Amino acid sequence: MPATATDVFLAYSHKDEILREKLTKHLTGLQKQGIINSWDDRRLEPGTEKVAAVQQKMNTAGIILLLVSADFLSEQWDQQINLAMQRHAAGQAVVIPVILRDCDWHLAPFGHLVPLPRSGQAVTSWDDQDAAFAEIATGIRQAVQLEPSRHISSATFEQRSPTQFLQRIALQKLIRYGMTVAVPIILIRFLGLLQPAELAAYDQMMRLRLSAEPDDRLLIVEIDEDDRAKWADSPERLVRGDSSLPEPAIQQLLEKLEAQYAPAAIGLDIYRPAATDADFPSLQNQLEHNEDLFVICKVTDSRNPDSQDERINSPPPEVATARQGFSDFVSYDGSTVRLQLFHIPDDVMPDDSPCRAPFSLSLRLANHFLNASVVADNSKIQTNDMTLASLPAFAGGYQGTINASEHQVLLDYRAPQGDIRKIARRVSLTEVLEGALSQEDIANLQNRIVLIGVVDEIKGDLWCTPISDCEVPGLIIHAQMVSHLLRVLTGEQRMIWVWHWSIDWLWIGAWGIVGAAIGWHVELWQRVLIGGALATALLVALCIITFYGFQGWIPLVPAGLSLIMAIALAYGRKHFKSSKSQPSQVK
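Heads up: these notes are all about the structure in this document.

Conventions we followed
Residues numbered from 1 in each chain as written. Predicted model: local features only at pLDDT ≥ 70, side-chain atom pairs only at ≥ 80, totals over all residues. Heavy atoms only, no water. Pairing = 2+ DSSP bridges. Helix = DSSP H or I, 4+ residues; strand = E, 2+ residues; numbered from the N terminus. Axes fitted to C-alpha atoms, helices over the stretch in contact; angles between N-to-C directions. Contact = heavy atoms within 4.5 Å. Expected span 1.5 Å × (residues − 1). Polar contact = N/O pair within 3.5 Å; in protein donor to acceptor, adjacent residues only side chain to side chain. Salt bridge = Lys/Arg side-chain N within 4 Å of Asp/Glu carboxyl O. Buried < 20%, exposed > 50% of the residue type's maximum accessible area, 1.4 Å probe, protein only.

## Overview of the sheet that holds strand β3 (residues 63–68)
In space, the 4 strands of this open sheet follow the order β2-β1-β3-β4, with parallel pairing throughout. Every other strand in the sheet has two partners, leaving β2 (36–39) and β4 (94–99) as the edge strands with one partner each. Across this sheet, the average inter-strand angle for adjacent strands is 25°, counted without regard to direction. Pairing analysis gives 6 bridges linking β3 to β4, with the strands arranged parallel. Considered in β4, the bridge of leucine 65 is made with isoleucine 96. Against the sheet, helix α3 (residues 50–60) makes contact with β1 (6–11), β2 and β3, and its axis sits at roughly 135° relative to β1, the strand it touches most. Strands in contact with helix α5 (residues 78–89) are β3 and β4; relative to β4, the strand with the most contacts, it is inclined by about 130°.

## A look at the sheet that holds strand β5 (residues 218–223)
Reading across from one edge, β8-β7-β6-β17-β5-β16 is the order of the 6 strands in this open sheet, with parallel pairing throughout. Both outer strands of the open sheet, β8 (324–326) and β16 (425–428), are each paired with one neighbouring strand and no more. Taking each pair of neighbouring strands and ignoring which way they run, the sheet shows an average axis angle of 25°. When β5 meets β16, the two strands line up parallel, connected through 4 bridges. Note that in β16 the partner of isoleucine 220 across the bridge is arginine 426. Running over the sheet, helix α15 (residues 361–370) touches β6 (265–269), β7 (293–297), β8 and β17 (449–454) and is turned about 165° from β7.

## Topic: unusual backbone geometry
Omega for the bond connecting leucine 116 with proline 117 falls within 30 degrees of zero, at -10°, which places this linkage in the cis form. In this fold, proline 117 is placed in the loop between β4 and α6 (129–145). The residue asparagine 447 is not glycine, and still its phi comes out positive at about 60°. Looking at the secondary structure, you find asparagine 447 in the loop between α17 (439–444) and β17. A positive phi is found at glutamine 551, a non-glycine position, where the angle reads about 65°. Here glutamine 551 lies in the loop between α20 (525–550) and β21 (552–553).

## Focus: α6
Taking 1.5 Å of rise per residue, 17 residues should cover 24 Å, and α6 covers 25 Å from first to last C-alpha, within 8% of that figure. The N-cap of α6, judged by a side-chain oxygen 3.1 Å from the amide nitrogen of aspartate 130 a few residues on, is aspartate 128.

## A look at the pattern of salt bridges
Proximity of charged atoms lets side chains of opposite charge pair with each other. Per the counting criterion, the structure on display carries 23 salt bridges. Close ionic contact of glutamate 492 with arginine 217 constitutes a salt bridge, the shortest N to O distance being 2.8 Å. With glutamate 492 in the loop between α18 (474–489) and β20 (497–498) and arginine 217 in the loop between α9 (195–207) and β5, this pair connects stretches of sequence that are 275 residues apart. We classify arginine 217 as buried; its relative accessible area is 15%. The residue glutamate 247 makes a salt bridge to arginine 272 at a minimum N-O spacing of 3.1 Å. Placement of glutamate 247 in helix α12 (residues 247–261) and of arginine 272 in the loop between β6 and α13 (281–289) is noted, with a sequence separation of 25 residues between them. The same class applies to glutamate 247 and to arginine 272, which are both buried. Connected via shared salt-bridge partners are Lys15, Asp16, Asp71 and Arg101.

In structure tokens:
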């Protein structure tokens, strides 16, 4: 303890009178112990020359407390502050900023000094203001006890270290406010309540992609209503819908393709559950022995009564399982196809399903075209040197809705000239059968994967996609899937990836802390709005750049909510506390 009490001078705004009185009460113990003698201008006797008396007290004080607030900075304290800083620099006194209310004090002449409370958190923002004043009193006691003389060394309070800077910005408070917002948002997301909004944002990013070139490895042979009417062997067959195309037309089409187009692979997107009539031996031979021909069937789903139709479930009996591919699409929100299912493990395959094809038509065609082998593992598919990792149950905006026991990935659509249907060259059944294409066209269309299927509305095989209306034929989606796998398996692009759920949570929490920092440290509400807008723009830009440049789908909607709500919470909390601590009357 010093031999004599240290004089402590309090410089403050009279608008902070209530806070000054509270501080004085907390310093009473130091005064009774003879450690300090505190003085402020309320002790001036009537008739005293105020300016001279204040300057004289400041010149003799060992510690000068600057009770900082916006009102203090706006009042005429410049001369006294300069005098205080001169004495501090000369080692004649110690200047200590005491942050009463939040304000931008860091650029003031004393902005480089360590304040009290040491975190730099304003007294009015503490949940317990008595705890803040107690910390201030303890800091003053320590400053006095470090030097027994009245003229305390200025080395007691040096410039801030990086650690002290982090303390000044009240990192713990920012984390608390950020997590207060982020944790409920993470929980709401986990329950799937944000899934529609996240999928809508995903669809929008997919639509904003730059136009791509058509895939010249594919050829699509479309069968529309006019084609079916023209090539049906009887009007009754067309009305009943027994088959998308009668056997004579299928036989003629396959013969024409083999003779003129030399296809690398043929995908027949036409359900043919019945055995081929003996009157068409050429078609029977194609189905039994053509190693380049692949057909579809549909896996029975006990949860979907519509999938129990034997006419579409069963594959052609002549085709070996190795050349069968399932046609199932995955849509967890009704009809929008965002995912590509390419493997159903045997232990997941329904026992009563007549379709036992473990791989999709798209994977069968892509592997055959690339002459690649395929091996199925628990969580991934290995095809030659490429691994196709499956999505977990919680992936991106999908929260627990993905069946992780099946292998599926996000389908990366391409829309040449803005049209999803232009993924590849399209010709009609009639154009092929009647030889309407020139020899040059035929030569250019050789050695491709040929997909054959129906595109009219009568068959009802129409779907929604993220980048189109809800009238996309299943044949076009199969083509998109084949093209997607070809691009991935040849190394032209990566699969669209997502973070592990734990990284998603950290990302959402980080944006909550960013929002809390904006709401807490920006004073004017207009600047808070600008800061929030800039931070939101940065978040959107990062998500778009990651999606377009790196094939990554990272959380946008929950991170944006965390950012905005944390701004509102921190800003509102700060001003609510500040308003409660203000005096009801100005003295």
